Amino acid sequence: MDTDKTIIIGSDHAAYGLKEKIKDLLFTLGFRVEDAGTDSEASVNYVEYGKKVAGAVSKGEYPRGILLCGTGLGMSYVANRFKGVRAALCSDVFSAQMSRQHNDANVLVLGGRIVGDVLAFELVKTWLNTGFEGGRHLDRIQSIDD
Ligand code: RB5
């Protein structure tokens, strides 16, 4: 598991409120959080924020990131275009766990209009606390970028 407790987070307007709550959770967990925006509920294009977060993870500036939009779909389309980014759209705890164990997901994507606050917090904690198993899964994830 990555012991670097830094993380970059971003959302559009549809999940701005949940992003702020997740930031509080991350601070409580001892993370240093870079907020890529947005900074209000005013309507914006999710692509801008998805690119900021996924770009930073792709370049190795942050080991992991969290992205949120209304459904999480738009953010996952954007993030998974970036080399080296494995963005996992999760709305159940098992998927959040497996996205780390088998896929070494480095971006967690949540839909602010899909998951409630309590489930979102569980997803974030599970995702952060689960390590990559490596082994046979390493070749598989490496071949994604080939
Ligand atoms: C915004 O209305 C919505 O389209 C966006 O948050 C996201 O769900 C896109 O995939």
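Procedures and definitions
Here the residue numbering is sequential within each chain, running from 1 through the sequence in written order. Per-residue local features are limited, in this predicted model, to residues with pLDDT of at least 70; the limit for side-chain atom pairs, both in listing and counting, is 80 or more; totals at the level of whole chains, interfaces and linings are taken over all residues. Calculation of side-chain values draws on the structure's entire complement of heavy atoms; hydrogens and water are dropped beforehand. A patch is a set of surface residues, each over 30% in relative accessible area and not in a salt bridge, joined within 9 Å for like charges and within 5 Å for the nonpolar side chains Val, Leu, Ile, Met, Phe, Trp and Tyr. Only the protein chains shown count as covering a residue, and every accessible area follows the Shrake-Rupley method with a 1.4 Å probe. For this document, the term salt bridge refers to a Lys or Arg side-chain nitrogen within 4 Å of an Asp or Glu carboxyl oxygen. The way it works is that DSSP assigns letters per residue, a run of H or I at least four long becomes a helix, a run of E at least two long becomes a strand, and they are numbered from the N terminus. Only protein chains enter the area calculation, which uses a 1.4 Å probe; residues under 20% of their type maximum are buried, those over 50% are exposed, and those in between are partly exposed. Expected helix span is computed as 1.5 Å times (number of residues minus one). What the arc describes is the spread of directions from the helix axis to the C-beta atoms. Any residue with a heavy atom lying within 4 Å of a molecule or strand is counted as near it. Polar contact is the term for a pair of N or O atoms within 3.5 Å; when the atoms are in protein, one must be able to donate a hydrogen and the other to accept it, and sequence-neighboring residues count only if both atoms are side-chain atoms. Throughout this entry, Asp, Glu, Lys and Arg are counted as charged residues, while Ala, Val, Leu, Ile, Met, Phe, Trp, Tyr, Cys and Pro are counted as nonpolar. The remaining residues, Gly among them, count as polar. Whether two strands pair comes down to DSSP finding at least two bridges between them. Inter-axis angles, ranging from 0 to 180 degrees, are taken between N-to-C directions of lines fitted to C-alpha atoms, where helices are fitted over the stretch in contact.

(A) A nonpolar patch on the surface, seen in detail. A cluster of nonpolar side chains, Leu 73, Tyr 77 and Leu 89, forms an exposed patch at the surface whose accessible area comes to about 290 Å². The residue Tyr 77 is located in helix H3 (residues 73-79) in this model. Of the residues examined, Tyr 77 reaches a relative accessible area of 55% and is grouped as exposed.

(B) Spotlight on helix H1 (residues 16-28). End to end, H1 covers 19 Å across 13 residues, agreeing with the expected 18 Å (1.5 Å per residue, within 8%). Regarding H1, the residues found buried are Tyr 16, Leu 18, Lys 19, Ile 22, Lys 23, Leu 25 and Leu 26. End-on, the buried residues of H1 take up no more than an arc of 165°, which puts them together on one face. Gly 30 sits one or two positions beyond H1 and adopts a positive phi of about 90°.

(C) Spatial organisation of the site of the ligand. Around the ligand lies a shell formed by Asp 12, His 13, Ala 14, Tyr 46, Cys 69, Gly 70, Thr 71, Gly 74 and Arg 113. Arg 113 places a side-chain nitrogen or oxygen 3.4 Å from an oxygen atom of the ligand. Burial of the ligand by the protein chains amounts to 71% of its free accessible area of 290 Å². When its residues are assigned to classes, the shell around the ligand shows 3 nonpolar, 4 polar and 2 charged.

(D) View of the sheet that holds strand S2 (residues 32-35). The strand order S2-S1-S3-S5-S4 describes an open sheet built from 5 strands, whose pairing is parallel. At either end of the open sheet lies a strand with only one pairing partner, and these are S2 and strand S4 (87-89). Each neighbouring strand pair of the sheet contributes to a mean axis angle of 20°, computed without reference to strand direction. Relative to S2, strand S1 (residues 6-11) is paired through 4 bridges, and the arrangement is parallel.

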